[in-house]
Amino acid sequence: MDVVLMVLYIVIVLSVLVFIHEGGHYLASRAFGVRVTEFMLGMPGPNIGFKKWGTKLGVTPFLLGGYARA
């Protein structure tokens, strides 16, 4: 049980760090007038999300990264 919790904690911490990192790319793009079409937490692939402010925000099943697509 301890190993499962440790893996869960690692995934949560890495997801928060990736969100902050990719959020910086998103904010910098918007500050310079670049339109961002997707902001995803996870590697590119099938995703679940919603559209807000002209950007699709969501999550993918592969939580080992993230991306902000212009």
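Up top is the structure.
Everything quoted here is computed from the prediction, not taken from an experiment.

S.K.: Sorry if this is basic, but what is going on with the sheet that holds strand β4 (residues 66-69) here?
M.R.: Sheet architecture is open: four strands sit in the order β2-β3-β1-β4, paired in mixed fashion. On the outer flanks of this sheet lie β2 (48-52) and β4, each paired with one strand and no other. Here the average twist between neighbouring strands, direction ignored, is 10°. By the bridge criterion, five bridges tie β2 to strand β3 (residues 55-59) in an arrangement that is antiparallel. Note that in β3 the partner of Lys52 across the bridge is Thr55. Each of β1 (38-41), β3 and β4 touches helix α1 (residues 2-31); the most contacted strand, β1, lies at about 170° to it.

S.K.: Even after reading the chapter, I still don't get the packing of aromatic side chains, so can you show me in this structure?
M.R.: To describe a pair of aromatic rings, one takes the distance between the centres and the angle between the planes. The tally for this structure, following the rule as stated, stands at two aromatic pairs. With 5.7 Å between their ring centres and 85° between their planes, Phe19 and Phe39 make a pair best called edge-to-face. One end of the pair, Phe19, is in helix α1; the other, Phe39, is in strand β1, with 20 residues separating them in the sequence. Put simply, the rings of Phe19, Tyr26 and Phe39 touch in pairs and so form one group of aromatic residues. Its end group placed over the ring of Trp53, Lys52 keeps NZ or CZ at 5.0 Å from the ring centre.

S.K.: Please explain α1 as it appears in this structure.
M.R.: Spacing of three or four residues puts side chains on the same side of an α-helix, whose turn is 3.6 residues. With 30 residues, α1 extends 43 Å from end C-alpha to end C-alpha; this agrees with the ideal 44 Å at 1.5 Å per step. Among the residues of α1, those classed as buried are Ser15, Val18, Glu22, Gly23 and Tyr26. On its buried face, α1 is in contact with β1, β3 and β4. Just downstream of α1, Gly33 is the residue with a positive phi angle, here 85°.

S.K.: Sorry if this is basic, but what is going on with a nonpolar patch on the surface here?
M.R.: Nonpolar side chains collect at one region of the surface, where Val3, Met6, Val7, Ile10, Val11, Val13, Leu14, Leu17, Ile48, Val59 and Leu63 lie side by side and expose about 960 Å² of accessible area between them. Summarising the element assignment, Leu17 is placed in helix α1.

Quick notes on the rules
Residues numbered from 1 in each chain as written. Predicted model: local features only at pLDDT ≥ 70, side-chain atom pairs only at ≥ 80, totals over all residues. Heavy atoms only, no water. Pairing = 2+ DSSP bridges. Helix = DSSP H or I, 4+ residues; strand = E, 2+ residues; numbered from the N terminus. Axes fitted to C-alpha atoms, helices over the stretch in contact; angles between N-to-C directions. Contact = heavy atoms within 4.5 Å. Phe/Tyr/Trp six-rings, centres within 6.5 Å; stacked < 30°, edge-to-face > 60°. Lys NZ or Arg CZ within 6 Å of the ring centre and 35° of its normal. Expected span 1.5 Å × (residues − 1). Buried < 20%, exposed > 50% of the residue type's maximum accessible area, 1.4 Å probe, protein only. Patch = residues over 30% accessible without salt bridge, like charges linked within 9 Å, V, L, I, M, F, W, Y side chains within 5 Å. Areas by Shrake-Rupley, 256 points an atom, 1.4 Å probe, with all protein chains shown as cover. Salt bridge = Lys/Arg side-chain N within 4 Å of Asp/Glu carboxyl O.

Fair warning: the whole summary comes from geometry, so function is off the table for now.
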